[in-house]
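In case you want the letters, here they are:
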Amino acid sequence: MEAWTGRWRAESGFSAPLPPWDGPATLVVVFGSGAVMDAAAEPPGADGPHGPLAEVVAAYPRSVLIGCSTAGEILGETIEDGTLTIAVTRFRSTRLTLLERDMGGTGDSYLTGRDLAEEMLAADGDLKGVLVLSDGLLANGAELARGLSEACRGRALVIGGLAGDGIRFEQTWVLSGGRPRSGVVTLLGLSGPDVRIGHGAGGGWSILGPERRVTRSEGNVLHELDGRPALGLYRNYLGDRMGPNPESTLLFPLSVRTTDDPRSAVVRTVQAFGEDERSMVFTGDIPQNSMARLMRANVDELIDGAGDAVETAELVDGLPVLALVISCIGRRAVLGQRTEDELETVLARLPGHAQVTGFYSYGEISPTGPGTSALQNQTLTVTTIQELTS
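Bear in mind the structure is a predicted one, so any value in this text is a computation, not a measurement. Residue positions within a chain follow its written sequence, with the count starting from 1. In view of the model being predicted, local features appear only for residues whose pLDDT reaches at least 70, and side-chain atom pairs are presented and counted only at 80 or more, with totals across whole chains, interfaces and linings using the full set of residues. Water and hydrogen atoms play no part in the side-chain values, which are based on all heavy atoms of the structure.

A.B. asks: Would you mind going over the overall build of the protein with me for this structure?
C.D. replies: Secondary structure elements are taken from DSSP: a helix is a run of H or I of four residues or more, a strand is a run of E of two residues or more, and numbering for both begins at the N terminus. Counting its secondary structure elements, the protein contains 8 helices and 28 strands. The globule rule is 2.2 Å times the number of residues to the power 0.38, and the radius of gyration it is compared with is taken over C-alpha atoms. Taking 2.2 N^0.38 as the reference for a compact globule, 390 residues should give roughly 21 Å; the C-alpha atoms of the protein span a radius of gyration of 20 Å, in line with that estimate. Viewed in the frame of its principal axes, the protein has a C-alpha envelope of about 60 × 40 × 40 Å. Relative accessibility under 20% of the residue-type maximum defines a buried residue, over 50% an exposed one, and the middle range a partly exposed one, all with a 1.4 Å probe and only protein chains included. Every one of the 390 residues in the protein was classed for burial, and the buried ones make up 56%. When contacts within the protein are restricted to residue pairs at least 6 apart in sequence, those whose partners lie at least 24 apart make up 81%. We call two residues in contact when some of their heavy atoms are within 4.5 Å.

Set out below in structure tokens:
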């Protein structure tokens, strides 16, 4: 296995020449800002994408190409906006399988995830892991993750993220056939006896207040906690710390669990207020009768939590490493100018030769227990890929 990473900037072009590794055993991962993807999207009557993305596609016509739009592009310990990051990995024996579905704006996210995973397992019985990249606005990330996880039944690691659009929240893109498209879910399968996939997730949030039962909810709309209107309870509890709009609650996400196992807890970020019903809309589902607890951010703890994501990756010493970092836009908003500190913490715990790329997302799909994965918010995830035959 050989791995290379680089970046394209409008003012300077590609940071280095793209490696000449085209072939069916080569994986090309591209993360780009929504604005760059907008410009690259195929206009009516055109033959394909434009700009730097077209150069990448032209360089790897036989390779497996995946990618999406972002809320910030990660390369090494740096994060930038308005760029493309490219990771090229040439495998020796690992098999790559790429599937996709068009949600069409009305698709069932759970069925999409289930059907994709079942098709992937049928295609290769030695599947080790699947990486999912999904439209971040049209898909229900929680249901997509549930369908993928239930179909895989612990036979393969399920990880990934939801595409971003910076702070615009207008349209997200996923690469399909080398072209940016909205409403698409892609699934990459990695198979074979030599591929090693490690994964970890870090939070860094502190508990704030007692655990409460979700007594009324519909999907991602939370109406009541312990029989009390959710918005009123939030405001009474936080007081002056809670402002008039959802952005003020980024420091105070909700931890939600549906079982007695604390590892099953997922973090949910407030997306909107329902003033008339005194309800709150979150970025993922809040199941009725689940248990919820308010959390709060401490910048230093968030940065330390990012480093914890590397601890469970179980790397094999001396082998090349491709590390994919997917972190939440909410963490970037909270950390502000210290955002790169969490990336530096991650790199400090990875081997010095690791090739690191990734993006800030609208949600992270990550394991939450043995054989299960779920949509997370406010989390940094690290996925490492190695191959025993180098």
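A.B. asks: I would appreciate a short explanation of the layout of surface pockets in the present structure.
C.D. replies: Size it by volume and the largest pocket reaches roughly 880 Å³. Those elements that place two or more of their residues in the lining of the largest pocket are helix 1 (34-40), helix 4 (141-152), strand 21 (270-274) and helix 7 (329-335). In terms of residue count, helix 7 provides more of the lining of the largest pocket than any other element does, 4 residues in total. A breakdown of the residues in the lining of the largest pocket according to their chemical character gives 17 nonpolar, 16 polar and 7 charged. Each cavity reported here is a set of points on a 1 Å grid over the protein atoms alone in which a 1.4 Å probe fits but cannot get out, each pocket an open set with protein on both sides within 12 Å along at least five of seven lines, and each lining residue one with an atom within 4 Å of a point. Grid points are joined across faces, edges and corners, and a volume is the space filled by probe spheres set on the points. Under the scheme applied here, ten amino acids are nonpolar (Ala, Val, Leu, Ile, Met, Phe, Trp, Tyr, Cys and Pro), four are charged (Asp, Glu, Lys and Arg), and all others, including Gly, are polar.

A.B. asks: Even after reading the chapter, I still don't get unusual backbone geometry, so can you show me in this structure?
C.D. replies: Glycine aside, the phi torsion of most residues is negative, and most peptide linkages are trans. The backbone phi angle of Asn289 is positive, close to 75 degrees, even though this residue is not glycine. Of note in the backbone geometry, Glu314 takes a positive phi value of approximately 50 degrees without being a glycine. In this structure, Glu314 sits in the loop between helix 6 (299-311) and strand 24 (322-328).

A.B. asks: Explanation requested: the pattern of salt bridges in the structure shown.
C.D. replies: Pairs can form between side chains of opposite charge whenever their charged atoms are close. Here a salt bridge means any side-chain nitrogen of Lys or Arg lying within 4 Å of a carboxyl oxygen belonging to Asp or Glu. Within the structure shown, the criterion is met by 24 salt bridges. Between Asp300 and Arg338 there is a salt bridge whose closest N-O contact spans 3.0 Å. Separated by 38 residues along the polypeptide, Asp300 in helix 6 and Arg338 in the loop between helix 7 and helix 8 (339-348) bring together distant segments of the chain. Accessibility expressed as a relative area gives 34% for Arg338, which makes it partly exposed.

A.B. asks: Which parts of the structure should I look at to understand the sheet that holds strand 5 (residues 73-75)?
C.D. replies: Adjacent strands of a sheet pair through backbone hydrogen bonds, lying either parallel or antiparallel. DSSP bridges decide pairing: two strands pair if at least two such bridges lie between them. The strand order across the open sheet formed by 6 strands is 6-5-25-24-28-14, and the pairing between neighbours is mixed. Edge positions in the sheet fall to strand 6 (78-80) and strand 14 (195-202), since each of these pairs with one other strand and no more. Neighbour-to-neighbour, the strand axes of the sheet open up by a mean angle of 20 degrees, direction not taken into account. As paired elements, strand 14 and strand 28 (residues 380-387) share 8 bridges and run antiparallel to each other. Paired with Gly202 across the bridge in strand 28 is Leu380. Of the strands in this sheet, strand 5, strand 6, strand 24, strand 25 (355-361) and strand 28 are in contact with helix 8, which crosses strand 6 at around 140 degrees. Only the stretch in contact is used when a helix axis is fitted, and all axes are lines through C-alpha atoms; the angle between N-to-C directions ranges over 0 to 180 degrees.

A.B. asks: Would you mind going over the nonpolar core with me for this structure?
C.D. replies: Grouped burial of nonpolar side chains is what soluble globular proteins tend to show. Nonpolar core, defined: a set of buried Ala, Val, Leu, Ile, Met, Phe, Trp, Tyr and Cys residues in which side-chain atoms within 4.5 Å join the residues together. Counting 43 residues, the largest nonpolar core has Val325 and Val346 as the members making the most contacts within it. Broken down by element, the residue count for this core peaks at 6 residues, all from helix 4. Not counting chain neighbours up to four residues away, the residues in contact with Val325 comprise Ile74, Leu343, Val346, Val356, Thr357, Gly358, Phe359, Leu380, Thr381 and Val382. Counting residues in hydrophobic clusters, the runner-up holds 25 residues, among them Val64, Ala163, Ile326 and Phe359.

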